[in-house]
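Listed here are the chains, written in short residue letters.
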Amino acid sequence: MRDYLVFCTYCSSYTLLHSFDKGSNQFLGEYSLLYNDYTKNSAVLNKFLLAHLGHTLRTIPSQTDEYMNIICTASRFLEDDIDKYVEESREQRQLAELDRQHERTVGKVQLHIAEHLLQTELDVLSKVKGNTPAERQVLLGKELGVKKALEVIRGVLADKQFA
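Please read these numbers as outputs of a predicted model, since none were measured by experiment.

### Some details on the overall build of the chain
So, point 1. Each helix and strand in the chain was counted, giving four helices and eight strands.
So, point 2. Relative to its length of 163 residues, the chain is extended, with a C-alpha radius of gyration of 29 Å against a globular reference of 15 Å.
So, point 3. The dimensions of the chain, computed from C-alpha atoms along their principal axes, are 90 × 30 × 30 Å.
So, point 4. Taken across its 163 residues, the chain has 24% of its residues classed as buried.
So, point 5. Pairs at least 24 apart in sequence give 63% of the contacts found in the chain among residues at least 6 apart.
So, point 6. For the chain, the exposed area adds up to about 11200 Å²; of that, 56% sits on carbon and sulfur atoms.
So, point 7. One way to put it: in the chain the 20 positive side-chain charges average out to a point 10 Å from where the 23 negative ones average out.

The following block contains the structure:
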């Protein structure tokens, strides 16, 4: 996989993009040895672009002599703060995962409430007797509809993918 860096020819400074993640449509970003992880966002790149506004910037692919020369001789942008940005990025991802888990829990509770309400409605419908054949047909249709809705909800609740 090919890595990249963005180099400012005016300041002789660079920031590492690393490889492009097609799943998230963004570069992995700067890497921290302390956390053994990437920023996985564009925070450092955005700061680099703003700090070098109006300067000539070049994107350099890895596996070239120019890439190695820049890594060895140029200064790395925000070098002392990379660990902080990776830590913040990791915290943001953890918070996003917690939010996702909370939303799943709320969704499960809502499904259980809907199941209970439909079961109550089914119990009420099964006790109602129609006076005419047309009324009995309508009640039967309602009962079948509620049973089908209950079946769908119970199928979702039983599916291990949604557990």
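### Topic: a nonpolar patch on the surface
So, point 1. Together, Val 109, Ile 113 and Leu 117 make up a nonpolar patch on the protein surface, roughly 280 Å² of accessible area in all.
So, point 2. Looking at the element boundaries, Ile 113 is found in helix H3 (residues 82-127).

### Structural notes on the nonpolar core
So, point 1. Val 6, Cys 8, Leu 17, Val 44, Phe 48, Phe 77, Ile 82, Tyr 85 and Val 86 form the largest nonpolar core, which has nine residues in total.
So, point 2. When contributions to this core are tallied by element, the ones reaching two or more residues are strand E1 (4-8), helix H1 (43-51) and H3.
So, point 3. No other element matches the three residues that H3 contributes to this core.
So, point 4. With residues near it in sequence (within four places) discarded, Phe 77 still touches Ser 13, Tyr 14, Thr 15, Val 44, Lys 47, Phe 48, Ala 51, His 52 and Ile 82.
So, point 5. In this structure, Leu 5, Leu 16, Ile 60 and Tyr 67 belong to the second largest nonpolar core, which totals eight residues.

Rules used throughout
- Residues numbered from 1 in each chain as written.
- Predicted model: local features only at pLDDT ≥ 70, side-chain atom pairs only at ≥ 80, totals over all residues.
- Heavy atoms only, no water.
- Helix = DSSP H or I, 4+ residues; strand = E, 2+ residues; numbered from the N terminus.
- Rg over C-alpha atoms; globule rule 2.2 N^0.38 Å.
- Buried < 20%, exposed > 50% of the residue type's maximum accessible area, 1.4 Å probe, protein only.
- Contact = heavy atoms within 4.5 Å.
- Areas by Shrake-Rupley, 256 points an atom, 1.4 Å probe, with all protein chains shown as cover.
- Lys, Arg positive; Asp, Glu negative; His and termini not counted.
- Charge placed at Lys NZ, Arg CZ, Asp CG, Glu CD.
- Patch = residues over 30% accessible without salt bridge, like charges linked within 9 Å, V, L, I, M, F, W, Y side chains within 5 Å.
- Salt bridge = Lys/Arg side-chain N within 4 Å of Asp/Glu carboxyl O.
- Core = buried A, V, L, I, M, F, W, Y, C linked by side-chain atoms within 4.5 Å.

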